[in-house]
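# Structure at a glance
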Amino acid sequence: MTKFGIGQGVPRWEDPRLLRGGGQYSDDLNQPGQAHGFVLRSPHAHAIIRSIDTRAAIAAPGVLSVHTGADIVAAGYGSVPCLVAREKADGTPMFTPPNLPLREGRVRYVGDYVAFVVAESHDMARDAAELIEVDYEPLPSVTATKDTLRDGAQDVWDEAPGNVCFVFEQGDAALVDTAIQSAHHVTTLDLDISRVAVAPMEPRACIGEYDQFAERYTLYTGTQGPHLVRQVIAEPMLRVPQNRLRVVSKDMGGAFGMRSGPYCENLLCLHAAKELGRPVKWVGDRAEHFMADDQARDNISTIELALDEHGKFLALRVKTVANLGAYLTMFGPHSSTNNLGTLAGTYTTSAIFTHVTGVFSNTPSTGPYRGAGRPEAAYVLERTIDTAAAELGIDPAELRRRNYIPESALPYQTGLVFNYDSGQFEKNMDTALTMSDYAGFEVRRDTAKADGKLRGIGISNVIEQAAGGFPEWAEIRFDPSGTVTVVMGTHNHGQGHETVFRQMLADRLGLEFEQIYYQQGDSDHGMAGTGTFGSRSSGVGGASLMMAADKIIDKARQMASHHLEAAEDDIAFTDGVFTVAGTDKSTTLIECAKLLQNFMTAPPDMDVGLNEWASWRPPAPTYPNGCHIAEVEIDPQTGVLKIANYVAVDDVGTVLNPLLLDGQLHGGIAQGAGQIMMENVIWDRESGQLNTGSFMDYVMPRADNLPNFQSAVNEDAPSPTNPMGIKGAGEAGCVGAMPALMNAIVDAMRPAGVRTLDMPATPHRIWQALQGGDAT
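Residues numbered from 1 in each chain as written. Predicted model: local features only at pLDDT ≥ 70, side-chain atom pairs only at ≥ 80, totals over all residues. Heavy atoms only, no water.

### Topic: the side chain of D386
Mapped onto the elements, D386 comes out in helix α10 (residues 374–392). Only 2.8 Å separates the side chain of D386 from the side chain of R400, close enough to count as a polar contact. Not counting residues within four places of it along the chain, the set of residues in contact with D386 comprises P396, R400, I459, N743 and R750. (Helix = DSSP H or I, 4+ residues; strand = E, 2+ residues; numbered from the N terminus. Polar contact = N/O pair within 3.5 Å; in protein donor to acceptor, adjacent residues only side chain to side chain. Contact = heavy atoms within 4.5 Å.)

This is the structure we're talking about:
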């Protein structure tokens, strides 16, 4: 075994490079002779563009070109495509709005794309943009999700009356209706899941290039899937074959789903670069991020949970209105419709039905964000279970225990979509209960009460699907010196791929870290790739890498057989060395690679070189699961909330690197806690103006808002659908944190008569709810 094998807590290999300034983020990249672009954005939430006068801007110092919606239409480009198709209530296809890089005729949110100015410098382009005269005719707008379906609400699109984009249903409605009507008890709850800005550390940026001789574009930008972005930009948008577009994504300061698809600036830079014959760079600032980047969550739900006299779950019905924004992203309805199976939870509920209405609003588009529908589904389920427990006078842990899917029943077809292959759900909770000293909570509650504080505890038992569907690619290349390059179709932007894939390859091939060079993010260098999202990289990318490694071993064994003059069946491979059974003959994998790279020493019946690739497509999703328990303390005089303790027990399958796993789980918990406690994008309901346009107004969690997390993993139920037993971990923390923390907050407030509270649980909202007021 190598010094850094699978299962060891190896610090991230890439960190020293990044910490010492060696990162190559999008704004670090520059091309000779590049110009600079600036986007003029709409100041109105909804308005008709009567006219645009660009003459003064074109005459401004340093300006090279000014582009409007009419120019984009004339160039014949296509819209940003939406890959997730849904239907209206009548079964006809949903309305997919035109989504060209610059708008023509009408703008539909504050920050919408109006014009693109290219100049010798960023400042020159920005100054010139201020000279563009746009005659707007303001129209009424609608931004709040609960307002979109109201009678008389302004239609965002004439082609979508009532602002309805699609209606999506899953489950057996009749069965659920019958169960609810005959149930001993039905818990009903209305929940509002706030909109969040993704707020990665690095704002977006890109450079577009055009080679007039090769008739080929190059796009440098931070993206989670370079090959996928090339696919959706080339033919649908640029109207060129995919081999005429190269996409390069080097280091990236956070993505979380927001960078999974193309943005309008990508096409604008490519278009301007071709027109001007020189590279064009655009760099967004934080204000533009809040105005125009894809946002997330933002839905309201009514939940009904039916129980029998023993507390067994009979049926669950969830009706949701999901805010899509003004346009559809590449994944559009995905988050609101593709992970609804999470509503089944870890329970035996046999009848589940969900109805989702996707609506347009005068806001930026919503798209995937860490969990992509999983946290929302887990939140509505687990919040309702805690409410039911309170109504029935049953301990929340006991109510869950009565409804768990037993391990002996697996594989298990749930009441909605998911078919679980493995898991020890009750064991996870028992471990978490012990770690959190759940049995001693009432003593801590009494102590807090004596100090004038309110204390609460909340549980969430969650499960999600991960790593399903799309294939992934990996390639291994040995050079004549015997060193190795691994090329992955996934993209590392904080997950630690440069470390964990080196670990996996070193472990399988008996190599050292220093011998392996890691490469990613260039559609010209990797033959294919899907990208990094959905907790899929280690499981699907890792499986592909192991398949490629096994091909390497098989081919090198043929070389060893020739070199050692022994039958292949007599040759064993261990820790990078081939040995002939019963003899002292041996040779290393590196030596075989060198021999194969030399046409003078490679056998005539073998291809020269030692280079292999593999792709793997999972036959079914995996199901990471776990139990999170949060404990909070509230000062009723001020509404100030403190997280006193947080315990997470997660089953993510085989653990490749426990240090990196902790980082993923902790980061997800912090993001979930941020949404519950403080994060919320707000627009003025009358004017549609953005009220949270900077970090002065949009509050992010800090280290002092969070406790030290207690975490544990359960590796006793690896996934049988993954070759290495991996389930995935990237989203688990966020999925578990939101319901656990809000359940704890409401539990603390329940003695004061508070039944529920909508996020974010700010001190103001908590204080108002405790006074019996409207916590808005």
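Having seen it, we continue.
### Focus on the sheet that holds strand β22 (residues 571–574)
Spatial strand order, β22-β23-β24: three strands in an open sheet with antiparallel pairing. Edge strands, defined here as strands with exactly one partner in the open sheet, are β22 and β24 (586–588). Each strand of the sheet is rotated relative to its neighbour by a mean of 20°, with strand direction disregarded. As paired elements, β22 and strand β23 (residues 577–580) share four bridges and run antiparallel to each other. By the bridge assignment for β23, F573 is matched with F578. The sheet strands contacting helix α15 (residues 537–564) are β22, β23 and β24, and the helix crosses β23 at an angle near 45°. (Pairing = 2+ DSSP bridges. Axes fitted to C-alpha atoms, helices over the stretch in contact; angles between N-to-C directions.)

### Quick notes on empty space enclosed by the protein
Taking a probe equal in size to a water molecule and rolling it over the atoms shows the remaining empty space. This structure, assessed with the given rule, holds six cavities of 30 Å³ or more. Here the largest cavity defines a volume of roughly 200 Å³. Lining the largest cavity we find 20 residues, and of these N99, P262, Y263, D294 and T329 sit closest to its centre. For the lining of the largest cavity, the class distribution of residues is 13 nonpolar, five polar and two charged. What the second largest cavity holds in volume is close to 140 Å³. Around the second largest cavity sit 16 residues that line it, and N299, T320, L340, E376 and A377 are the ones nearest its centre. (1 Å grid on protein atoms, 1.4 Å probe; cavity = no way out; pocket = protein on both sides within 12 Å on 5 of 7 lines; lining within 4 Å. Points joined across faces, edges and corners; volume = space filled by probe spheres on them. Nonpolar A, V, L, I, M, F, W, Y, C, P; charged D, E, K, R; others polar.)

### Digging into the pattern of salt bridges
Inspection of every chain in the model, using the stated rule, returns 47 salt bridges. Residues R103 and D112 are paired through a salt bridge, measuring 2.6 Å at the closest nitrogen-oxygen approach. When its relative accessible area of 6% is taken as the criterion, R103 is described as buried. Judged by relative accessible area, D112 falls into the buried class, the value being 0%. Among the salt bridges present, the one from E464 reaches R374, with a minimum N-O distance of 3.3 Å. Residue E464 is located in the loop between β18 (454–463) and β19 (472–478), and its partner R374 is located in helix α10; the two are separated by 90 residues in the primary sequence. On the accessibility criterion, E464 (2% relative accessible area) is buried. R374 sits in the buried class, given a relative accessible area of 7%. (Salt bridge = Lys/Arg side-chain N within 4 Å of Asp/Glu carboxyl O. Buried < 20%, exposed > 50% of the residue type's maximum accessible area, 1.4 Å probe, protein only.)

### Let's talk about the nonpolar core
Judged by nonpolar contacts, the single largest core of 137 residues is most densely connected at F116 and I745. The leading source of residues in this core is helix α18 (residues 732–749), at ten residues. Apart from residues lying up to four places away in sequence, I745 is in contact with V632, I634, L641, I676, L757 and A761. Counting 46 residues, the second largest nonpolar core, distinct from the first, contains V500, A556, A602 and L656. (Core = buried A, V, L, I, M, F, W, Y, C linked by side-chain atoms within 4.5 Å.)

### Focus: the environment of L381
Inspection of the secondary structure puts L381 in helix α10. Distance in space between the C-alpha atoms of L381 and N611 is 49 Å, their sequence separation being 230 residues. Discounting chain neighbours no more than four positions away, the residues touching L381 are L316, T342, L343, A344, G345 and Y347.

### Topic: the pairing of strand β26 (residues 625–634)
Counting buried residues in β26 gives ten out of ten residues, a clear majority hidden from the surface. Here β26 shows a buried face lined by N625, C627, I629, E631 and E633 and a second buried face lined by G626, H628, A630, V632 and I634. Of the strand pairs in this sheet, β26 and strand β27 (residues 641–651) are connected by ten bridges, and their pairing is antiparallel. Bridged to E631 within β27 is N645. In textbook terms, the turn of a hairpin is the stretch between consecutive antiparallel strands, and for β26 and β27 this stretch comprises six residues, one of which, G639, has a positive phi near 80°.

### A word on helix α4 (residues 122–129)
Spacing of three or four residues puts side chains on the same side of an α-helix, whose turn is 3.6 residues. Among the residues of α4, those classed as buried are A125, A128 and A129. The buried side chains of α4 occupy one side of the element, clustering within an arc of 100° when seen end-on. Tucked inside the fold, the buried residues of α4 contact β1 (35–41), α2 (55–58), β3 (63–68) and β5 (113–119). (Arc of directions from axis to C-beta.)

### Here's the deal with helix α6 (residues 226–238)
Here α6 is 13 residues long, yet its end C-alpha atoms lie only 16 Å apart, well below the 18 Å a rise of 1.5 Å per residue gives. Every buried residue of α6 is accounted for by P226, H227, L228, V229, R230, V232, I233, A234, M237 and L238. Against β10 (216–221), β11 (245–248) and α7 (264–276) lie the buried residues of α6. Backbone geometry just downstream of α6 places R239 in the positive-phi region, at approximately 65°. (Expected span 1.5 Å × (residues − 1).)

### Observations concerning the environment of P97
With respect to the secondary-structure elements, P97 resides in the loop between α3 (69–75) and β4 (106–107). Owing to a relative accessible area of 4%, P97 belongs among the buried residues under this scheme. In contact with P97, other than residues within four places in its own chain, are W157, A326, Y327, L328 and F360.

### Quick look at the packing of helix α17 (residues 658–677) against α18
Think of two packed helices as two axes; the pair is described by the angle between the axes and how far apart they sit. For the pair α17 and α18, interaxial distance at closest approach is 7 Å and the crossing angle is 40°. The angle between α17 and α18 falls in the class oblique. The way α17 lies across α18 gives a crossing that is right-handed. In this structure, α17 contributes L665, G668, I669, Q671, G672, A673, Q675, I676 and M677 to the contact, and α18 contributes A732, G733, C734, A737, M738, L741, M742 and I745. Each residue belonging to the contact of α17 with α18 can be placed in one class, and the counts come to twelve nonpolar, five polar and no charged. (Parallel < 35°, antiparallel > 145°, perpendicular 65-115°, else oblique. Left-handed = near helix turned anticlockwise from the far one by under 90°.)

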